[in-house]
Amino acid sequence: MRSQGNVRFIKVSSRLQKMVAGGVVVALLVWAISMGVMSWLQYRAAADRLSLLEREAQVATAAERVEAYRDDLGSVASDLERRQTFIEDMVDALPSDAKAGETVTDSTSETSKTVDQVSAALPEAKALAELEARQLAFVERLTRYADRRASRAEQAIRKLGLNPAVMLSGADQSAMGGPLERFTQSGEIDPRFERLGLSLARMSALERGLKGIPQVSPANVAAVTSSYGYRRDPFTGAGAMHSGLDFRGPTGTPIYAAAQGTVSFVGYKGGYGKTVEIEHGNGLMTRYAHMSRFNAVVGQRIAAGTTIGAIGSTGRSTGPHLHFEVRINDRAVNPRPFLEAAPDVLKEARRSAGTQARTDG
């Protein structure tokens, strides 16, 4: 190295050179091995997928299945029974008992008679009749499970002062579809299967509605400077309706989604200033106003507690704060009961569900 007319030399010993060269060789060897392992895993994954696709392409056609039934009814029945056992083993937590007040049928006695009569008339079809009986018992157990979960969700919704019937009537079915797949060739369906479908739909709608109820404070601040209801307007001094809660905090304080839902509006909205609106389903919507910035986009699916923006003072505002509204079918309601009661109610509902599952299992 030459510096200000002076020349200096750095000597690297042969031992150090060997150590460095050895380290480079080891690093290259490790890299080569890791690349080889990755390549092998990718090859195996591709090969396994190709093998699965080839097997799926060879699945028996309807005509071949008919021939299989004719050739060996017992073998087909045995296969179906093993498949049914596999399905039942996956859902051991389903309740098997019928309780007072439940509308679910108990077909055990009737299906037992059916098995006896089929066995007497067509001995070779006994296994299939027994399988049908097990399927119906399974359907009824699953219906009980759905009804009990729906009942827990309904009770929780009522505790929060909402009407479950209204939430069910507002369930959106405007974007549904898909190919028609029938259970039977005739198109007729056992009423017990229809009952199951209704119970599952009710359970899904109520639980989805429960998750969409505001349950997280939209701002982590200590002061609520203005409550829901009539108050003196800060600009005019006259009495006016205040349709939400005001959370005072420094500009830039994060604002959180009060419940899971879909962002339906992001932008400037008159006196609200910079605003975000979230649709939670069943006619329920939350509004977050006077924001300083946005952290959400229209169409975004978000979970409860997700940051959607920050406190500001845009629009008709006297200082930095969050104006928070809860609306049901576009009618403002008091947000405070939801924020105060929902966490405990939802926690109890989840605990009850877990206890019921363990009891049923």
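Residues numbered from 1 in each chain as written. Predicted model: local features only at pLDDT ≥ 70, side-chain atom pairs only at ≥ 80, totals over all residues. Heavy atoms only, no water.

A.B. asks: Account for the overall build of the protein chain, with residues named and values stated.
C.D. replies: Check the secondary structure of the protein chain and you find eight helices and 14 strands. Here the protein chain, with 361 residues, has 31% of them falling under the buried criterion. In the structure as shown, the protein chain presents an accessible area of about 22,500 Å², 55% of it carried by carbon and sulfur atoms. (Helix = DSSP H or I, 4+ residues; strand = E, 2+ residues; numbered from the N terminus. Buried < 20%, exposed > 50% of the residue type's maximum accessible area, 1.4 Å probe, protein only. Areas by Shrake-Rupley, 256 points an atom, 1.4 Å probe, with all protein chains shown as cover.)

A.B. asks: Give a description of the packing of helix 5 (residues 126-159) against helix 7 (residues 191-211) that names residues and reports values.
C.D. replies: Packing of helix 5 against helix 7 brings their axes to within 8 Å, and their N-to-C directions diverge by 25°. With respect to their mutual orientation, helix 5 and helix 7 come out roughly parallel. In this structure, helix 5 meets helix 7 at a crossing whose hand is left-handed. Of the residues in the contact of helix 5 with helix 7, the class split is 14 nonpolar, two polar and eight charged. (Axes fitted to C-alpha atoms, helices over the stretch in contact; angles between N-to-C directions. Parallel < 35°, antiparallel > 145°, perpendicular 65-115°, else oblique. Left-handed = near helix turned anticlockwise from the far one by under 90°. Nonpolar A, V, L, I, M, F, W, Y, C, P; charged D, E, K, R; others polar.)

A.B. asks: With reference to specific residues and values, describe the nonpolar core.
C.D. replies: Ranked by size, the top nonpolar core spans 36 residues in total, and within it Ile278, Tyr288, Ile308, Leu322 and Phe324 carry the most contacts. Those elements that place two or more of their residues in this core are helix 5, helix 7, strand 6 (245-248), strand 9 (274-281), strand 10 (284-294), strand 12 (307-311), strand 13 (321-328) and helix 8 (336-360). The residues contacting leucine 322, other than those within four sequence positions of it, are Pro218, Ala219, Leu245, Asp246, Phe247, Ile255, Tyr288, Ala289 and Ile311. (Core = buried A, V, L, I, M, F, W, Y, C linked by side-chain atoms within 4.5 Å. Contact = heavy atoms within 4.5 Å.)

A.B. asks: Tell me what's going on with the pattern of salt bridges, and back it up with residues and numbers.
C.D. replies: Per the stated rule, a full pass over the model turns up ten salt bridges. With a shortest N-O distance of 2.5 Å, glutamate 207 and arginine 149 are connected by a salt bridge. Here glutamate 207 is found in helix 7, whereas its partner arginine 149 is found in helix 5, with 58 residues between them in sequence. According to the relative accessible area criterion, arginine 149 is partly exposed, its value standing at 23%. A network of salt bridges, in which partner residues are shared, links Lys269, Glu277, Arg287, Glu325, Arg327 and Asp330. (Salt bridge = Lys/Arg side-chain N within 4 Å of Asp/Glu carboxyl O.)

A.B. asks: How would you explain helix 5 if you had to name every residue and give the values?
C.D. replies: Spanning 34 residues, helix 5 covers 50 Å between terminal C-alpha atoms, matching the ideal 50 Å at 1.5 Å per step. Two residues or fewer after helix 5 comes glycine 161, characterised by a positive phi angle close to 80°. (Expected span 1.5 Å × (residues − 1).)

A.B. asks: So, the packing of aromatic side chains: which residues are in play, and what are the values?
C.D. replies: The full count for this structure, using the stated rule, is one aromatic pair. Arranged with centres 5.3 Å apart and planes meeting at 45°, the rings of tyrosine 288 and phenylalanine 324 form a pair that is tilted. Taken together, the residues span a long stretch of sequence, with tyrosine 288 in strand 10 and phenylalanine 324 in strand 13 at a distance of 36 residues. Exposure class is identical for tyrosine 288 and phenylalanine 324. Each is buried. In this structure, lysine 269 packs its charged tip against the face of phenylalanine 265, placed 4.3 Å from the ring centre. (Phe/Tyr/Trp six-rings, centres within 6.5 Å; stacked < 30°, edge-to-face > 60°. Lys NZ or Arg CZ within 6 Å of the ring centre and 35° of its normal.)

A.B. asks: Can you tell me about the confidence of the model for the protein chain, naming the residues and giving the values?
C.D. replies: Scored by pLDDT, the protein chain has a mean of 78; 75% of the residues are at 70 or more. Note that pLDDT drops below 50 for residues 173-186; the model gives that stretch three contacts with residues more than four away or on any other chain. In this model, residues 357-361 is a region of pLDDT below 50 whose contacts with residues beyond four sequence positions or in other chains number eight contacts. (pLDDT = per-residue confidence, 0-100.)

A.B. asks: Break down the packing of helix 4 (residues 108-121) against helix 5 for me, citing the residues and quoting the values.
C.D. replies: Look at helix 4 against helix 5: their axes get within 8 Å of each other, and the N-to-C directions meet at 170°. Between helix 4 and helix 5, the angle is such that the two are roughly antiparallel. Contacts between helix 4 and helix 5 pair Thr111, Val115, Val118 and Ser119 from the former with Lys126, Ala129, Glu130, Ala133 and Leu136 from the latter. Grouping the constituent residues of the contact of helix 4 with helix 5 by class yields five nonpolar, two polar and two charged.

A.B. asks: Please give an account of a nonpolar patch on the surface that cites residues and values.
C.D. replies: Residues Ile10, Val12, Leu16, Met19, Val20, Val24 and Leu28 make up a contiguous nonpolar surface patch of about 670 Å² in total accessible area. Of note, leucine 28 is situated in helix 1 (residues 14-57). Owing to a relative accessible area of 53%, leucine 28 belongs among the exposed residues under this scheme. (Patch = residues over 30% accessible without salt bridge, like charges linked within 9 Å, V, L, I, M, F, W, Y side chains within 5 Å.)

A.B. asks: Residues and numbers for the pairing of strand 12, please.
C.D. replies: Across the five residues that make up strand 12, a large majority, four, are buried. Where strand 7 (residues 254-256) and strand 12 come together, three bridges link them in antiparallel fashion. Paired with tyrosine 256 across the two strands is threonine 307, which belongs to strand 12. Relative to strand 12, strand 10 runs antiparallel, the two being bridged by three bridges. Among the inter-strand pairings, arginine 293 is bridged to a residue of strand 12, identified as alanine 310. (Pairing = 2+ DSSP bridges.)

A.B. asks: Let's hear about the environment of serine 112: which residues, and what values?
C.D. replies: Tracing the chain through its elements places serine 112 in helix 4. Overall, serine 112 belongs to the partly exposed group, its relative accessible area being 38%. A C-alpha to C-alpha distance of 8.2 Å links serine 112 and glutamate 130, two positions 18 residues apart in sequence.

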